[in-house]
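# Structure assessment
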Amino acid sequence: MVDVRYDIAFKLYPYKKVPAQDRPAERHPVVIVGGGPIGMATALDLGRKGTSVLVLDDHEGVGQGSRAICFAKRTLEIADRLGAGHAMLDKGVVWNVGKVFHGEKRVFEFNLQPQAGHQFPAFINLQQPYFEKFLVDEIRVAQAEGAPIEIRGQNLVTAMSDHGDHVALDIDTPDGAYQLEADWLIACDGARSPLRDMMGLSFDGRVFEDNFLIADVKMKAAFPTERWFWFEPPFKNSGQSALLHKQPDDVWRIDFQLGWDIDRKAELDPEKIRSRVDAMLGEGAEYELEWTSIYTFQCRRMQKFRHGSVLFAGDSAHQVSPFGARGANSGVQDADNLAWKLDLVIKGLAPESLLDSYSEERAHGADENILNSTRATDFLTPKSETSQIFRNAVLDLAGEHAFARPLVNSGRLSVPCVYDDMPLNGTDSLDGPEITRVGASCVDAPLDQGFLLNHLSGQFTVIAINTQAPDLQDVDGVALSLVSLDTKQHDPSGALQQRYLGEETQAVYLIRPDQHVAARWPSAEEADVRAAVLKAIGRGA
Amino acid sequence: MNLNLEANIVDPDGFYDELLEAHQHLDKAESDAFNARLILVLCNHIGDREVLAEALAAAAQRDA
Ligand SMILES: Cc1cc2nc3c(=O)[nH]c(=O)nc-3n(C[C@H](O)[C@H](O)[C@H](O)COP(=O)(O)OP(=O)(O)OC[C@H]3O[C@@H](n4cnc5c(N)ncnc54)[C@H](O)[C@@H]3O)c2cc1C
């Protein structure tokens, strides 16, 4: 029996019996448990590299509940590398203006003017089911092109045993149980991760004593496409804070902070929800409730994301509060970081220890996200009388005085993490811009044709700007491509100069498959590039 | 830059008067809010994170 735990928005991978169910356990190179956004992104990345991957999910498609709505630029860039970025951008709602209210008073507004010279905006709003659907759509495209990806719906993993060099899984299906084995197992099974529990691993952190009510409502309303956030909202029964934010299809996300001691069931009564929403939107507002939910949250992570041949990615490895939209956004960076490393290990081109750098780099990212999301939460829900007094003092001052506005924290939106001082980092001998230092993810730049990131398509790449670089086909089997750019010819906007050279006249960059900078020099010899590639695949001296 | 813990206020008695004066017609809650705003205004004026950290440390210390 496979229980249906949630309603399906898009039935994308209906259950189909496969011959393996009647055979002794078959061995797979990679099995991913969980077909949420992180599992699907990882599968697509691995499959596109030619590594065969099987996704098991206990449902037949994407869950109904929207959950994530804010997707950041870096996520869209990663999705674009995987082929799904433009579908997301086309469907998504782009917004720039945010308004912050305290009670009746508008404290200030901000305008996140999109930075010129980027293919993708700072973020879009898009219902999570669409985000997941576009990934699966792209998996179908990749499969048609021969990518070895398989998805099995209604395949519930009920037990696992770790045999050191592989794991064995028990799987339940509508036709009964079967077994299979995997050289590598990626646990993308969400915040409650059954695999984490089966392995007896801890997931420690801080629980926040608060409940948030989400009402996604569908309405034709004249509200502008802006993010409105209220501290101590003026409308009746709206709790400590409230949020109104637009999504595609005329759907609006409304969020009320309800406090800790609530009667969940009573609060979820549609009548009660409607009375809150009416108070916010004004009597007589016409809308339908699309999706409602009450959530509480934690900020926590696993100590290590790799346990032998089991790798944890996404919510199974780390969980943050929704303020700052760092959940799915950071999980997609996990996928981006993990796929190329696992691919090289499976192909025998990199040592297994490369996977420890996945854990180290992404745990560093998780810490950054947890720190930011904890701080936002502490501002939103002051934990003591004194912190409440300071919080309100900031809000009182922010209306009049510019200095107080940066202190207002209703969530710092997700930005990619920089892998500063990490073991895979190579030489940084260029006196170049901070934003493209070794460890950072490449900042996009418009070229005379297309964008820079379009040239960084999932393998190691050398970018030579205004200079020659050694044209190596590969380093000990690890493929390498070369992009030669001349700012006089390829950089009409000057963005490449500003973002990659600064005051310098020329540079050579080595870029990892996940578009992070591995090393950079004013100029580089073959030996420099070779050493940096080896370092970046965990074979450094 | 270091936190200045030497006497630096011009006309100390006058300043002290003014500080108390500002609170005179406030109840406890209003006074607390006033103090919080004042701290934030002053901290912003200082700006330097090291000096602020030293100030927090100095304020945490008191004679037993
Ligand atoms: C209210 C709310 C708002 C949010 N807003 C944002 C936002 O704006 N931006 C953002 O980036 N993030 C946001 N998040 C976080 C985001 O939703 C999660 O980070 C994201 O869904 C994590 O993806 P995942 O793939 O790791 O896990 P999940 O999406 O949880 O997917 C796990 C999958 O594993 C399957 N599974 C579980 N157990 C098994 C098993 N035993 N066998 C087989 N399959 C199994 C599940 O059915 C599911 O399909 C929000 C979260 C909430 C709750």
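Numbers given to residues run from 1 along each chain, matching the order in which its sequence is written. Chains and ligands are labelled sequentially in the order written, the chains with letters from A and the ligands with numbers from 1. Local features are withheld for residues below a pLDDT of 70 in this predicted model, meaning they are given only at 70 or higher, and side-chain atom pairs are given and counted only at 80 or more; totals for whole chains, interfaces and linings count all residues. Excluding hydrogens and water, the side-chain figures rest on all heavy atoms present in the structure.

Bringing the overall build of chain B into the picture now. The helix and strand inventory of chain B stands at 3 helices and 0 strands. Helices (α) and strands (β) of chain B occur, in sequence order from the N terminus, as α-α-α. When its C-alpha atoms are laid out on the principal axes, chain B stretches across 35 × 30 × 25 Å. When accessible area is computed with a 1.4 Å probe and restricted to protein chains, residues below 20% of their type maximum are described as buried, those above 50% as exposed, and intermediate ones as partly exposed. When the 64 residues of chain B are sorted by exposure, 11% land in the buried category. The Shrake-Rupley method, run with a 1.4 Å probe sphere, supplies the accessible areas, and residue values consider only the shown protein chains as cover. As displayed, chain B offers around 5600 Å² of accessible surface, 55% of which is attributable to carbon and sulfur atoms. When charges are counted, Lys and Arg contribute as positive and Asp and Glu as negative, whereas His and the chain ends are disregarded. To locate a charge, take NZ of a lysine, CZ of an arginine, CG of an aspartate or CD of a glutamate. A gap of 11 Å separates the mean positions of the 4 positive and 13 negative side-chain charges of chain B. Only runs of H or I of at least four residues qualify as helices and only runs of E of at least two qualify as strands under DSSP, and these elements are numbered from the N terminus.

Moving on: the domain arrangement of chain A. Quite often, the size of an interface is put as the accessible area lost when its parts meet. Residues and elements named next belong to chain A. What fixes the domain bounds is an automatic or database domain assignment. For chain A, the assigned domains are domain 1 (8–92 + 124–203 + 300–368) and domain 2 (434–536). Taken together, the contact between domain 1 and domain 2 spans 13 residues of the former and 16 residues of the latter. Once two parts are put together, the accessible area they lose, assessed with a 1.4 Å probe and summed over both, is termed the buried area. Summing the contributions of domain 1 and of domain 2, the shared interface buries around 1100 Å²; its carbon and sulfur component is 50%. Considering only the surface of domain 1 that becomes buried against domain 2, R74, R81 and W340 emerge as the three largest contributors, covering 48% of it. Put simply, a salt bridge is a Lys or Arg side-chain nitrogen that is within 4 Å of an Asp or Glu carboxyl oxygen. Here domain 1 is connected to domain 2 by 1 salt bridge. In this structure, R512 engages E361 in a salt bridge whose closest nitrogen and oxygen atoms are separated by 2.9 Å. Polar contacts here mean pairs of N or O atoms no more than 3.5 Å apart (in protein, one a potential hydrogen donor and the other a potential acceptor; neighbouring residues in sequence count only if both atoms are side-chain atoms). The interface formed by domain 1 and domain 2 holds 5 residue pairs in polar contact (both at pLDDT 80 or more) in total. Two residues form a contact once any of their heavy atoms are found within 4.5 Å.

Below, the discussion takes up the pairing of strand β15 (residues 227–231) of chain A. Successive side chains on a regular strand alternate, one facing one side of the sheet and the next facing the other. Residues and elements named next belong to chain A. For β15, a buried count of 5 out of 5 residues is recorded, marking the element as mostly surrounded by other parts of the structure. Neither face of β15 is left uncovered, since the one carrying R227, F229 and F231 and the one carrying W228 and W230 both have all their residues buried. Two strands qualify as a pair provided DSSP detects at least 2 bridges between them. One ladder, built from 4 bridges, connects β15 with strand β16 (residues 241–247); its direction is antiparallel. When the sheet's bridge partners are listed, F229 is paired in β16 with L243.

The subject of this paragraph is the nonpolar core. Within soluble globular proteins, side chains that are nonpolar tend to cluster in buried spots. All names here are of chain A. If you look at the biggest cluster of nonpolar residues, it comprises 97 residues, and the most contacted ones within it are M88, L169 and L510. Here the element with the most residues in this core is helix α8 (residues 327–346); it accounts for 9 residues. With residues near it in sequence (within four places) discarded, M88 still touches L76, A79, I124, L126, F131, F134 and L135. One finds F108, F212, L380 and V394 within the second-largest nonpolar core, a separate group that totals 28 residues. In this description, a nonpolar core means a group of buried Ala, Val, Leu, Ile, Met, Phe, Trp, Tyr and Cys residues linked to one another through side-chain atoms lying within 4.5 Å.

Our focus in this paragraph is the site of the ligand. Residue and element names in this part refer to chain A. Neighbouring residues are identified by heavy atoms, a residue being near a molecule or strand if any of them is within 4 Å of it. The full set close to the ligand counts 33 residues, and Y6, D57, D58, R67 and D315 are the nearest of them. The side chain of R5 places a nitrogen or oxygen atom 3.2 Å from an oxygen atom of the ligand. Interatomic distance of 3.1 Å between a backbone N/O atom of I38 and an oxygen atom of the ligand. Look at the ligand: alone it shows 1000 Å² of surface, and the protein chains cover 90% of it. When contributions to the shell around the ligand are tallied by element, the ones reaching two or more residues are α1 (37–48), β11 (156–162) and α8. Looking at the shell around the ligand, the element that brings in the most residues is α8, giving 3 residues. Polar here means any residue other than Ala, Val, Leu, Ile, Met, Phe, Trp, Tyr, Cys and Pro, which are nonpolar, and Asp, Glu, Lys and Arg, which are charged; Gly is therefore polar. A breakdown of the residues in the shell around the ligand according to their chemical character gives 17 nonpolar, 10 polar and 6 charged.

The next thing to look at is the environment of A:D80. Residues and elements named next belong to chain A. In this fold, D80 is placed in helix α2 (residues 73–82). Classification of D80 as buried rests on a relative accessible area of 18%. Put simply, D80 and L453 are 373 residues apart on the chain and 9.2 Å apart in space, counted from C-alpha to C-alpha. Leave out the neighbours within four places in its chain, and D80 touches G85, H86, Q119, F120 and N454.

The subject of this paragraph is the packing of aromatic side chains. Where two aromatic rings form a pair, the distance of their centres and the angle of their planes describe that pair. Residue and element names in this part refer to chain A. A pair of Phe, Tyr and Trp rings is counted when the ring centres sit within 6.5 Å of each other, with Trp represented by its six-membered ring. The angle between the planes then sorts it: under 30 degrees is stacked, over 60 is edge-to-face, the rest tilted. In total, this model carries 22 aromatic pairs over all chains according to the counting rule given. Relative to F297, the ring of Y295 has its centre 6.5 Å away and its plane inclined at 40°; by these criteria the two rings are tilted. Note on accessibility: Y295 and F297 belong to one class, buried. Where Y500 meets Y509, the ring centres are 5.1 Å apart and the plane angle is 70°; that geometry is what we call edge-to-face. The two residues Y500 and Y509 agree in class, both being buried.

Residues and elements named next belong to chain B. Taken together, the side chains of D11, D13, D17, E18 and E21 present a region of like negative charge at the surface. Its place among the elements puts D17 in helix α1 (residues 12–23). Among the residues examined, D17 registers a relative accessible area of 54% and is labelled exposed. Here a patch means residues that are over 30% exposed by relative accessible area and free of salt bridges, tied together within 9 Å if like-charged and within 5 Å if nonpolar (Val, Leu, Ile, Met, Phe, Trp, Tyr).

Take the pairing of strand β7 (residues 97–102) of chain A next. Residue and element names in this part refer to chain A. With 6 of 6 residues buried, β7 is to be regarded as a mostly interior element. Neither face of β7 is left uncovered, since the one carrying V97, K99 and F101 and the one carrying G98, V100 and H102 both have all their residues buried. Pairing of β7 with strand β8 (residues 105–111), which is carried by 6 bridges, proceeds in the antiparallel orientation. Along β8, the bridge assignment pairs G98 with F110.

This part takes up the interface of chain B and chain A. Counting residues at the interface gives 8 residues for chain B, matched by 8 residues for chain A. Summed over both partners, the interface of chain B with chain A comes to about 730 Å²; 85% of that surface belongs to carbon and sulfur atoms. The interface formed by chain B and chain A contains 1 salt bridge. For B:R37, the salt bridge goes to A:D396, with nearest N and O atoms at 3.7 Å. Where chain B touches chain A, the interface holds 0 residue pairs in polar contact (both at pLDDT 80 or more). Classifying every residue of the side of chain B that touches chain A gives 5 nonpolar, 1 polar and 2 charged.

In helix packing, the relevant descriptors are the interaxial angle and the interaxial distance, both defined with respect to the helix axes. Remark: helix α10 (residues 385–400) of chain A packs on helix α2 (residues 28–46) of chain B, axes separated minimally by 9 Å, with the N-to-C direction vectors making an angle of 65°. Classified by the angle between their axes, α10(A) and α2(B) sit roughly perpendicular to one another. Between α10(A) and α2(B) lies a crossing of right-handed hand. From α10(A), A:I389, A:F390, A:A393, A:V394, A:D396 and A:L397 reach across to α2(B), where they touch B:D32, B:A33, B:A36, B:R37, B:I39, B:L40 and B:V41. All axes here are fitted lines through C-alpha atoms, helices being fitted over the stretch that makes contact, and every angle between N-to-C directions spans 0 to 180 degrees. Our angle categories are set so that under 35 degrees counts as roughly parallel, over 145 as roughly antiparallel, 65 to 115 as roughly perpendicular, and the remainder as oblique. Left-handed describes a crossing whose near helix is turned anticlockwise from the far helix by less than a right angle; the clockwise case is right-handed.

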